[in-house]
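Residue-level structural notes
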Amino acid sequence: MPALFSWNIGAPYRGAIYLDVAPDERSERYQKLLAFLEDDTGRCRFAGVDFWLVPLEKSLKWYEQRQAQLD
């Protein structure tokens, strides 16, 4: 299996990314994602960063609303 993350960001990123990983507790890929994002207590490893589990349908709705605001 390829690495879950393999990029370097040289400057702060102020936006959103979509990770196509199903929230399945039995999934090795999901467990790797949680291990990357959370510490042993279940808190986010990255200060000032929030990670949200958002269904694709809701994400698409937010995207459409945002595009309408920009028009």
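Look above for the structure.
Let me begin by describing the structure that accompanies this report.

Take the overall build of the protein chain next. The helix and strand inventory of the protein chain stands at 2 helices and 0 strands. When each of the 71 residues of the protein chain is scored for burial, the buried share is 8%. A sequence separation of at least 24 residues applies to 29% of the contacts in the protein chain between residues at least 6 apart. For the protein chain, the exposed area adds up to about 6800 Å²; of that, 52% sits on carbon and sulfur atoms.

So, about helix α1 (residues 28–37). Within α1 the residues assigned to the buried category are Tyr30, Leu33, Leu34 and Leu37. One side of α1 holds all its buried residues, which, seen down the axis, span an arc of 100°. Capping the start of α1, serine 27 holds a side-chain oxygen 3.3 Å from the backbone nitrogen of arginine 29, two or three residues further along.

Here we take up the packing of aromatic side chains. Applying the stated criterion across every chain yields a total of 2 aromatic pairs. Note on phenylalanine 36 and phenylalanine 46: the rings are 5.5 Å apart at their centroids and 45° apart in plane angle, and the pair reads as tilted. Separated by 10 residues along the polypeptide, phenylalanine 36 in helix α1 and phenylalanine 46 in the loop between α1 and α2 (56–70) bring together distant segments of the chain.

Criteria and thresholds
Residues numbered from 1 in each chain as written. Predicted model: local features only at pLDDT ≥ 70, side-chain atom pairs only at ≥ 80, totals over all residues. Heavy atoms only, no water. Helix = DSSP H or I, 4+ residues; strand = E, 2+ residues; numbered from the N terminus. Buried < 20%, exposed > 50% of the residue type's maximum accessible area, 1.4 Å probe, protein only. Contact = heavy atoms within 4.5 Å. Areas by Shrake-Rupley, 256 points an atom, 1.4 Å probe, with all protein chains shown as cover. Arc of directions from axis to C-beta. Polar contact = N/O pair within 3.5 Å; in protein donor to acceptor, adjacent residues only side chain to side chain. Phe/Tyr/Trp six-rings, centres within 6.5 Å; stacked < 30°, edge-to-face > 60°.

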